[in-house]
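Below are the chains, spelled out letter by letter.
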Amino acid sequence: MIDRERTENLYKEDLRKKIKKLKEKKNAVIIVHNYQRDEIQEIADYLGDSLELARAAVDTTADIIVFCGVHFMAESASILNPSKMVLLPVKEAGCPLADMITVQKLRQKKQEFPDAAVVCYVNSSAEVKAESDVSCTSSNAIEVVRSIKNKRIIFVPDKNLGMYVQKEVPEKKIILWEGFCSTHIRLTEEDVITAKNNWPKAEFIAHPECDPLVLKLADHVCSTAGMFRYSKTSNTKEFIIGTESGMLYRLKRENPGKKFYMPTTHLVCANMKLTTLGWVAHSLENLVYEVKVPDDVREKARVTLERMLSITGKNKPKT
Ligand code: CIZ
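Small disclaimer: the values here were computed from a predicted structure and weren't measured.

Draft legend 1. Spatial organisation of the pattern of salt bridges. Tallying each qualifying case throughout the model produces 19 salt bridges. A salt bridge links Arg107 to Glu131, with the shortest nitrogen-to-oxygen separation between them at 3.3 Å. Of this pair, Arg107 sits in helix H5 (residues 103-112) while Glu131 is found in the loop between helix H6 (126-130) and strand S6 (134-136), placing the two residues 24 residues apart along the sequence. Arg107 gets classed as partly exposed once you look at its relative accessible area, which sits at 43%. On the basis of relative accessibility, which here comes to 17%, the residue Glu131 falls in the buried class. Close ionic contact of Glu306 with Arg302 constitutes a salt bridge, the shortest N to O distance being 2.6 Å. Taken together, the residues Glu306 and Arg302, both in helix H14 (residues 295-311) and four residues apart, mark about one turn of the helix.

Below is the structure:
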């Protein structure tokens, strides 16, 4: 091993020890999204998608939640746990998709379609959640939309997820928002065709935030939680993964006999990768950066999130 690598490993080991001590001293829990760096996934008390993490945040008895993900996720944890301190280690870790909608624009859309219910993907701000009827994640979007009485639904802000749900729930009329995930959109049909040629025995599993042309090539479409379940139970031994590259770490760890490939090197969410061991230690040591939502917004957004949690059942996430 070259000296630089050894020094870096020793530094990381020191940081892991420091984080463990601080966590115990402050009664904190580390909640980590599936798209985080490997080094962050390794220190997770809970690792999962936003639905699983929202549930973990509700269930924890810790006083402090260190949320290793992006801003809207920490915000959801704070909305559901107003008495706990929720920390986002890097305050700039945002979500371009969540920024593609504002409350003002959503209000205009609601005026255009007054009979429609609003379903907002969790990748949205607390203000947008507060203005919506119910939230959803990619794990439960179909179930949530099916459960709604209104025939017309304004689905915000991800148009690809909205189109995917529309195909699965044709009896509803979904009004789409022009938002998209700037990471998933980078995956092209050509990338998938090339990957399928390179690994002809592999199944292609795609996230519903991908372009519809990419989804047409998929053997299975599901959320990240669905990808873990599917790859574990499927008899297939090789998979091409159509979502953020952070997924490979846990997929490989939980399926030692199977192979996982990325169809392109471009599926990296820069915001998700901002969190490092150094920032987690800094966050715990200095109790920064606390994410709080003003009471009036929080109360309405909580109803929207809790409706979603009650529709999907407390402990059984669907694909
Ligand atoms: O819901 C989430 O956590 C996201 C952003 C993706 C997924 O499918 O898990």
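Draft legend 2. Geometry of the site of the ligand. Around the ligand, the neighbouring residues are His33, Tyr35, Asp49, Ser50, Ser138, His207, Ser223 and Thr224. At 2.6 Å from an oxygen atom of the ligand is found a side-chain nitrogen or oxygen belonging to His207. Thr224 is positioned with one of its side-chain polar atoms (N or O) 2.4 Å from an oxygen atom of the ligand. Relative to its free-state accessible area of 270 Å², the ligand is covered by the protein chains to the extent of 98%.

Draft legend 3. Main features of the nonpolar core. With 79 residues, the main nonpolar core has Phe67, Val119 and Ile241 as its most contacted residues. Per element, the largest residue contribution to this core is six residues, and it comes from helix H4 (residues 71-80). Those residues in contact with Ile241 that sit more than four places away from it in its chain are Ile205, Met227, Met247, Leu248, Leu251, Phe260, Tyr261, Met262, Pro263 and Leu267. Among the nonpolar cores identified, the runner-up in size contains 16 residues, and Ile30, Val32, Cys68 and Leu284 belong to it.

Calculation criteria
- Throughout, residues of each chain are indexed from 1 in the direction in which the sequence is written.
- Selection of residues for local features in this predicted model requires a pLDDT of at least 70, selection of side-chain atom pairs for listing and counting requires 80 or more, and totals for whole chains, interfaces and linings are taken over all residues.
- With hydrogens and water set aside, each side-chain value is computed from the structure's full complement of heavy atoms.
- Whenever Lys or Arg places a side-chain nitrogen within 4 Å of a carboxyl oxygen from Asp or Glu, that contact is recorded as a salt bridge.
- Helix and strand definitions follow DSSP, with helices as H or I runs of at least four residues and strands as E runs of at least two, each counted in order from the N terminus.
- Burial here depends on accessible area, computed with a 1.4 Å probe over protein chains only, as a share of the maximum for the residue type. Under 20% is buried, over 50% is exposed, and the range in between is partly exposed.
- Residue proximity to a molecule or strand is established when one non-hydrogen atom of the residue lies within 4 Å of it.
- We call two N or O atoms a polar contact when they sit within 3.5 Å, provided that within protein one can donate a hydrogen and the other can accept it, with sequence-adjacent residues counted only if both atoms are side-chain atoms.
- Each accessible area value is a Shrake-Rupley result obtained with a 1.4 Å probe; residue values ignore everything except the protein chains displayed when judging cover.
- We define a nonpolar core as any set of buried Ala, Val, Leu, Ile, Met, Phe, Trp, Tyr and Cys residues linked to one another through side-chain atoms lying within 4.5 Å.
- In this description, contact between two residues means that some pair of their heavy atoms is separated by no more than 4.5 Å.

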